[in-house]
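# Observations on chain architecture
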Amino acid sequence: MSVDRADGPAAAPRATAPAPASAAEDESGSLGRNVRRKEDRRLVTGHGRFVTDLELPRMRHVAFLRSPYGHARITGVDATAARDAGHRVFTGRDFAHVVLRAQSALPSYIETDQPILAHEKVCFSGEPVAAVVAKDRYRAEDGLELVAVDYEALPPTVCAWQEPREPVHPEAPDNVLLQRTFDAGSVTDAFAAADLVVERELVTNRHAGNPMECRAGVALWDAADGKLTFWNGTQVPHIVRNMIAELMGLSEGKVRVVAPDVGGGFGVKAVLYPEDVALCLMAREMPGIPLKWVEDRAEHLLAAAHARDHRYLIKAGFAADGRLLALEADVTCNVGAYSVYPWTAGIEPLMAGGLLSGPYKLDNYRCTVRGVATNTAPAGPYRGVARPASVFAMETMFDDAAARLGIDAIEIRRRNVITPEDIPYKMPSRLVDDSGHYGECLDKALDALDHPAFRAEQQRRREAGENPIGIGVALYNELTGLGRAASAGPRMPFRTGHDACTVRVNPDGRVTVISGVTSQGQGLETTMAQIVADAIGVRYDDVDVRIGDTDEALWGFGAFSSRQAVIGGGAAHNTAVAVKEKLVKLAAELIEAAEADVRVVDGEVYVVGDPKAQISVAEVARVAYLESNRLPDGIDPGLDATTFFDPIRGAFAAGAQAAAVEVDRTTGELRILKYVCVEDAGRAMHPQIVDGQIAGSVAQGLGGALFEHLVYDDAGNLSTGTLLDYLMPTSAEVPDMVIGHVSHPAANPLGVRGVGEGGTLGPNAVLAGALRDALGIEVNALPISPASVWKELHP
Amino acid sequence: MKCAPFDYVRAGSVEEVVKVLGEADGDGKILAGGQSLVPVLALRMARPSVLVDVNRIPGLARIRPVDGAVEVGALTRHSRLVEQTHHPLLAEAARWIGHTAIRSRGTTGGSIAHADPSAELPVVAAGVDATVTIAGPSGERTVAAEELFLGALLTSLDDGDMIVRVRFPLPTRWGFAEFARRHGDFALVTAVVAEIAGSLRITLGGVAAVPQRARAAEQIVADGGSAKDAARATADEIDPTADLHGSAPFRRAIAGEMVRRALAQVGIE
């Protein structure tokens, strides 16, 4: 695939020559430019430092024994043979006193326990039951074969909308862990007044996150210091530290979590897993011996968080002119065997219900969402959380209604979409939309697609009897950078609205940023450096960024909900501004100028109107640290700051996607002729990174729409246990795409909107719409496969 | 996903391979490109006591045109098959095998011996009436490819046998069409059309446990029928099973379509 920009080539990298002092400050700086990514030297030359790369003296390797049953009582565990063979073995009994328990204050939520190693019963195929420690992974797996577990099979339930055969948790006899109804306006009256009611049952496909690097951890217990160090391929090191400390009865200062380079996360690494806790607990039993576990792909497909296994019973009422009058839905999400820590079983259902109506104006809304436990792997956050499914459901309503009312599918959207004049718009779920730029995104997307040309080609093919083409569109809103007033997660015991950042100007004038953000490939080191360099007025190359180590960074919730550019970025900016205030104050004293006249550009300090630098940042910093004799009265040594930032509210990011798709009537194959995505990322701090996020998320969305599907059989076994059966899109399957932007700054210090997930929201709806446009085929279940299309063509 | 312990022997000659396999008494496995074997070892679905590495045996990777055919040594990598020009059908089929890394390692002998019904080389071998030369305890022997394949991943090779070369007759006309979910995946259906010794053979991969001739379709073509009719006959005469990627009727239809496309390449519409 390749990516084109709808606005022509991106800004060229900036030369590093110092700007003249007279230059306006907005022409200086690195934000908005494609500066070379700081992490790329090591990542693209094979010098990345992933957990897998960590080699420590006396290291031992861990393998987990996993349940072959979807649901079974454990009647006996015998590890004698494995221990006799010299292996260290841990079983569920060893850690029976520790459980993971995801909490939510929502009234209907039923809290359940997740064991570290299952001991009473197993609730999904792949659940860890025991762990073997050995010299290497090969021997550890040999040891697994010597552990005998007796199971008494229980009837498994794998589908969330069928009667449970036997409850997964005794606390929830109907398997419902959470249910909530959103209710606004008068739905019954509105349906009565509707000229058209469309009603569908839509089922979406179960996904795995599948980052290139699977989960990984190394745990080391230092008995002398009473301190645990846990290198963990996680998106959320501070959340991990917080819970590991609590579960192990340690003070947070005695737990250090390090997320080194992490090879993709996509949400599945924002969960604290039983394997993580087991590794730490085992390490404490084996002082001084680092324990390493690197998940393999089979384990990942089996036991890392799944997502998007939903059913929508959805009904929409329309006026004859296409206005949406009412929406009613019953949404069931398969949350798997356990409520994942910390997100709970509520993460997908609540997101589905909160954002189902998307960017459309709606007064009358009733939606019941529920999270239902089954004997499948736990479901958790995955890029786009629920919205790829809910956008598909909502857009299907419009495509359906347009066809029935004889209105163009694009026109019906225009008649309902929230516009800038409606802002702030209170959605029926009471979320407040601050964007409204959907129509602009749509216009730009249709321009880039060359919509009229494809319409003409469509007509020509129809007349010539050639393979048909169809055009699909989707509009969506992505709620990003959530502050405390709209905190991510279903009323968990903490609010994730803030991050901290430390900025230090070192005695040599170079800057070290210690940020609470984490990076799984998104280039956060680069982004933080750009922000700080510009806010202080130093060169991008003179800023170093350290992330991912809880012993260094004061606080950061980590990567999820497209939050880090907004929140971590805001913290970096505000902190750098605080440092700059002191820098300016000190510099002004040293050069005997008024603070208001001082400008700092590329590491040099100028006075307005004078093109000659008066002093360098390095010299000011030297005074701050080394020459207290030159410090003016009232200024303390040092040149650093640490601050927190919370945007309070979130920033909605508008998006539109459109595609032209050809369908092969004989095989049911879809061929994407052109794919366009236009988003409002606010101010794009690094255009290439922004486009990379969009391209990657669209690719992931296309994978979900066309290929990816985790399937369990009725006995609770995963049928798609390797990448031979769980199909990921490769570069050969991802089409070229055109990416465009509308850039309306958001109300936060940098004017940015999150851009990490939105791309995943469109493809299901776009391709389903295109198929309907091409052949009138209704897509009721995902993924769209050649076999499913062929079946519709040959009923 | 790590293999169980095994012994390892790097063989210097075919005779040594046969000897070591004989001593292993059915518990030995040949390691060539490893593209099928190693995953199976990692899943512990195969637990041989000894692996005999044949990669250093000299003289086993030759591609040699002979009278009306091309002889391909067992250790020939798929990437070499793609590059060679003596046998265009073989080159085209090899292009469809997996991805670059797989083609750089995987071997002709390995693919034929593994006998995956969805793999490209077995169906081409059956399609052109290839013959397979096998070294065993009592010397060399040659069998027709169609007699070699007994079932899915099942051949008439004995425990002590090693394929040393395969002779692929050159078709006078040929067509190749394949349908897979993604580029490089094992085929849902592969159709090979090859004119050998004056008669047009139509052979399908992926629709049965072994490569299957579409004899009814062949007859229709021989009688001057259309590709469309041949496609329909193909769909009727096979009995594919359903799996995650498609129902039996879908596979029938795709098989018919692939036959139609392969026939179009030899000018039969």
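What counts, and at which threshold
Residues numbered from 1 in each chain as written. Chains lettered and ligands numbered in written order. Predicted model: local features only at pLDDT ≥ 70, side-chain atom pairs only at ≥ 80, totals over all residues. Heavy atoms only, no water. Helix = DSSP H or I, 4+ residues; strand = E, 2+ residues; numbered from the N terminus. Rg over C-alpha atoms; globule rule 2.2 N^0.38 Å. Buried < 20%, exposed > 50% of the residue type's maximum accessible area, 1.4 Å probe, protein only. Contact = heavy atoms within 4.5 Å. Areas by Shrake-Rupley, 256 points an atom, 1.4 Å probe, with all protein chains shown as cover. Core = buried A, V, L, I, M, F, W, Y, C linked by side-chain atoms within 4.5 Å. Patch = residues over 30% accessible without salt bridge, like charges linked within 9 Å, V, L, I, M, F, W, Y side chains within 5 Å. Salt bridge = Lys/Arg side-chain N within 4 Å of Asp/Glu carboxyl O. Phe/Tyr/Trp six-rings, centres within 6.5 Å; stacked < 30°, edge-to-face > 60°. Lys NZ or Arg CZ within 6 Å of the ring centre and 35° of its normal. Polar contact = N/O pair within 3.5 Å; in protein donor to acceptor, adjacent residues only side chain to side chain. Axes fitted to C-alpha atoms, helices over the stretch in contact; angles between N-to-C directions. Parallel < 35°, antiparallel > 145°, perpendicular 65-115°, else oblique. Left-handed = near helix turned anticlockwise from the far one by under 90°. Nonpolar A, V, L, I, M, F, W, Y, C, P; charged D, E, K, R; others polar. Lys, Arg positive; Asp, Glu negative; His and termini not counted. Charge placed at Lys NZ, Arg CZ, Asp CG, Glu CD. Domains from an automatic or database assignment. Pairing = 2+ DSSP bridges. Expected span 1.5 Å × (residues − 1).

## Here's the deal with the overall build of chain A
A count of helices and strands for chain A gives 18 helices and 33 strands. The globule rule puts the C-alpha radius of gyration for 795 residues at 28 Å, and the 27 Å found for chain A is close to it. Seen through its principal axes, chain A has C-alpha atoms that stretch 85 × 75 × 45 Å. Across the 795 residues in chain A, those meeting the buried criterion constitute 63%. For chain A, restricting intrachain contacts to residue pairs at least 6 apart in sequence, the fraction spanning at least 24 positions comes to 80%. With an accessible surface of roughly 27900 Å², chain A has 48% of that area assigned to carbon and sulfur atoms.

## Considerations on the nonpolar core
Residues and elements named next belong to chain A. With 176 residues, the main nonpolar core has M282 and F318 as its most contacted residues. Per-element tally for this core: the top contributor is helix α9 (residues 387-405), with nine residues. Non-local contacts of M282, meaning those with residues more than four positions away in its chain, are made with V62, F64, F90, F95, A131, V133 and L291. One finds V503, A576, V584 and L586 within the second-largest nonpolar core, a separate group that totals 51 residues.

## Focus on a nonpolar patch on the surface
All names here are of chain B. Where nonpolar side chains cluster on the molecular surface, the patch consists of M1, L43 and M45 and spans about 290 Å² of accessible area. Inspection of the secondary structure puts M45 in the loop between α2 (37-42) and β3 (50-53). Under the relative-accessibility criterion, M45 is labelled exposed at 64%.

## A word on the packing of aromatic side chains
Per the counting criterion, the structure on display carries 13 aromatic pairs over all chains. Between F179 of chain B and F250 of chain B the ring centres are 6.2 Å apart and the planes differ by 75°, which places this aromatic pair in the edge-to-face class. Taken as a pair, F179 of chain B in strand β11 (residues 174-179) and F250 of chain B in helix α11 (residues 248-265) lie far apart in primary sequence, 71 residues in all. You'll find F179 of chain B and F250 of chain B in the same group, each marked buried. One aromatic cluster is present, formed by F318, Y360 and F398 of chain A through successive ring pairs. Over the ring of Y273 of chain A we find R215 of chain A; its NZ or CZ atom is 4.1 Å from the centre of that ring.

## Quick word on the side chain of N477 of chain A
Residues and elements named next belong to chain A. You can see N477 is positioned in strand β23 (residues 469-480). The class of N477 is buried, set by a relative accessible area of 2%. Within the structure, the side chain of N477 is placed 3.2 Å from the backbone oxygen of G358, a separation counted as a polar contact.

## Observations regarding the packing of helix α16 (residues 687-706) of chain A against helix α17 (residues 763-775) of chain A
Residues and elements named next belong to chain A. Interaxial distance between α16 and α17 falls to 8 Å at its minimum, and their mutual angle equals 55°. As summarised for this structure, α16 and α17 are arranged oblique, according to the angle between their axes. Once α16 is placed against α17, the crossing between them reads as right-handed. Along the contact surface, α16 presents V698, G701, L702, G704, A705 and L706, while α17 presents P763, N764 and L767. In the contact of α16 with α17, the residues fall into six nonpolar, three polar and no charged.

## Brief notes about a positive patch on the surface
Among the surface-exposed residues, R180, K426, R430, R491, R495 and R649 of chain A lie close enough to one another that they form a single positively charged patch. Relative accessible area serves as the criterion here: at 39%, R495 of chain A is assigned to the partly exposed category.

## Structural notes on the domain arrangement of chain A
Taken domain by domain, chain A consists of domain 1 (11-30 + 499-556 + 567-645), domain 2 (60-156) and domain 3 (306-485 + 648-793). Computed from C-alpha atoms alone, the centre-to-centre distance between domain 1 of chain A and domain 2 of chain A is 50 Å.

## Here's the deal with the sheet that holds strand β14 (residues 227-232) of chain A
Residue and element names in this part refer to chain A. What the seven strands build is an open sheet, ordered β4-β8-β2-β16-β13-β14-β15; its pairing is mixed. Sheet topology places β4 (88-91) and β15 (255-258) at the edges, where each strand pairs with a single neighbour. The average undirected angle you get between the axes of adjacent strands in this sheet is 20°. Of the pairings in the sheet, the one linking strand β13 (residues 216-222) to strand β16 (residues 291-294) comprises four bridges and is antiparallel in character.

## So, helix α12 (residues 451-464) of chain A
All names here are of chain A. If you check α12, its first and last C-alpha atoms are 20 Å apart, about what 14 residues at 1.5 Å a residue would give, namely 20 Å. In this fold, the buried residues of α12 make contact with α10 (409-414), α11 (438-449), β23, β31 (651-663), β32 (670-679) and α17. The first or second residue beyond α12 is G465, which carries a positive phi of 75°.

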